[in-house]
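A look at the structure
If you want the building blocks of each chain, they are given just below.
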Amino acid sequence: MSTLAPLRLLREPWNASEGNQSNTTVGASSGWCQGLDIPNELFLALGLMSLVENLLVVAAILKNRNLHSPTYYFICCLAVSDMLVSISNLAEMLFMLLLEHGVLVMRPSIVRHMDNVIDMLICSSVVSSLSFLGVIAVDRYITIFYALRYHSIMTLQRAVVTMASVWLASTVSSTVLITYYHSNTILLCLISFFLFMLILMLVLYIHMFALARHHLHSIFSQQKPPTAHHGGSLKGAVTLTILLGVFFICWGPFFFHLILIVTCPTNPFCTCFFSYFNLFLILIICNSVIDPLIYAFRSQELRRTLREVVTCSW
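Nothing here was measured: the structure is a model prediction, and the numbers come from that model.

1. Digging into the state of the cysteines
For the structure on display, the rule yields one disulfide. Here C264 engages in a disulfide with C270; their sulfurs sit 1.8 Å apart. Taking the sign of the S-S torsion, about -80° here, the bridge from C264 to C270 comes out left-handed. Residue class for C264 comes out buried when judged on its relative accessible area of 18%. Of all cysteine sulfurs in the structure, the one in C286 sits closest to C250, which takes part in no disulfide; the separation is 6.4 Å. Owing to a relative accessible area of 5%, C250 belongs among the buried residues under this scheme.

Take a look at the structure:
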């Protein structure tokens with residue numbers, strides 16, 4: 001059973017002709033083209049881990065008034081998006097298991113409606129997760145390069161408008177995607193969105209990385225002993241490298257899968273790549289597990305609040 005319903009619709013190219021499917025089946029029947037058989041238990045374990053991590057982040061931010069700022073609101077929204085990915089994944093698995101074992105008996109039309117609802121929820125959470133990754137990158141860029149003007153640029157009102165816009169756009173785009181998922185135009189829009197986010201984060205983080213590198217170079221050129229600022233610059237540069245690496249590794253394979261669906265749906269190599277679809281889904285869920293570690297848990301204030309939440313020190 002596949003997970004992440006709307007992504008399941010993209011498992012195999014719908015625009016492959018029947019005449020070519022026989023050739024691709026032959027090409028896909030040998031060697032590494034067999035794909036990976038990933039057990040449902042792994043999806044379930046990662047989903048539960050992501051759910052707990054992101055739920056703790058949301059609880060900590062809501063609890064501590066010191067974290068009630070645009071930066072942490074964006075991190076909170078990212079945690080909610082990742083949490084919805086996990087909840088939707090778990091809900092779909094439970095729904096499918098109940099149907100398969102005859103515990104839940106429903107008419108086919110109702111099953112389709114339920115599946116579409118889960119599809120829209122997961123797709124919306126995936127799009128919003130990508131969007132908030134970009135928003136956080138922009139927020140960090142403003143924090144570094146416009147530190148003195150940050151509070152006048154990123155006001156609470158603008159932060160609320162940004163968050164509401166992301167959620168609204170994610171809901172509308174997910175509805176369109178589920179309705180017209182057979183259209184290559186829709187896939188091209190989704191691919192373009194990912195490439196835009198990738199380029200945006202790449203440009204902003206490289207600029208921030210260059211600034212950190214410049215600070216380090218200035219310190220060494222003046223032959224000054226290492227300072228806290230020196231350590232902070234180096235730590236920031238390492239963090240930015242991790243952010244870009246994790247983003248590309250977790251999201252890249254899935255969107256490359258979409259590119260191949262549009263460009264070469266019947267090519268034997270592409271068909272082999274399609275067989276690893278569940279692995280790409282695992283990477284997306286892993287991203288929901290990793291996000292709190294690199295965006296939230298690195299904050300000392302948030303870690304302290306998390307300890308209070310875990311120990312119920314309200």
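2. Overview of the UniProt feature "transmembrane region" (unreviewed entry) in the protein chain
Under the local residue numbering, the UniProt record ascribes the feature "transmembrane region" (unreviewed entry) to residues 42-62, 74-97, 117-138, 159-179, 185-212, 233-261 and 273-297. As annotated, residues 74-97 comprises 100% helix and 0% strand, and the C-alpha atoms at either end are separated by 35 Å. Strand forms 0% of residues 185-212 and helix 100%; the C-alpha atoms that close the span are 40 Å apart.

3. Describing helix α4 (residues 70-100)
One full turn of an α-helix is made of 3.6 residues, so residues set three or four places apart face in the same direction. Along its 31 residues, α4 runs 45 Å from first to last C-alpha, staying within 8% of the 45 Å computed at 1.5 Å per residue. Phi turns positive, to about 75°, at G102, one or two residues after α4.

4. Focus: the environment of F193
Inspection of the secondary structure puts F193 in helix α8 (residues 184-221). Considered as a pair, F193 and L130 are 63 residues apart in the sequence and their alpha carbons are 9.0 Å apart. Aside from chain neighbours lying at most four places away, what touches F193 is V127, L130 and S131.

5. Details of the nonpolar core
Residues F247, W251, Y295 and L302 are the most contacted members of the largest nonpolar core, which totals 79 residues. In terms of residues, this core owes the most to one element, helix α5 (residues 108-145), which gives 13 residues. The contacts of L302, once residues within four sequence positions are left out, are A60, I61, L67, Y72, A296 and F297.

6. Topic: a nonpolar patch on the surface
Taken together, L168, V172, V176 and Y180 make up a surface patch of nonpolar side chains, about 390 Å² in accessible area. Assignment of secondary structure puts L168 in helix α7 (residues 156-179). When its relative accessible area of 57% is taken as the criterion, L168 is described as exposed.

The rules behind each value
Residues numbered from 1 in each chain as written. Predicted model: local features only at pLDDT ≥ 70, side-chain atom pairs only at ≥ 80, totals over all residues. Heavy atoms only, no water. Disulfide = S-S within 2.5 Å. Buried < 20%, exposed > 50% of the residue type's maximum accessible area, 1.4 Å probe, protein only. UniProt positions renumbered as here; feature names shortened; annotations may be inferred. Helix = DSSP H or I, 4+ residues; strand = E, 2+ residues; numbered from the N terminus. Expected span 1.5 Å × (residues − 1). Contact = heavy atoms within 4.5 Å. Core = buried A, V, L, I, M, F, W, Y, C linked by side-chain atoms within 4.5 Å. Patch = residues over 30% accessible without salt bridge, like charges linked within 9 Å, V, L, I, M, F, W, Y side chains within 5 Å. Areas by Shrake-Rupley, 256 points an atom, 1.4 Å probe, with all protein chains shown as cover. Salt bridge = Lys/Arg side-chain N within 4 Å of Asp/Glu carboxyl O.

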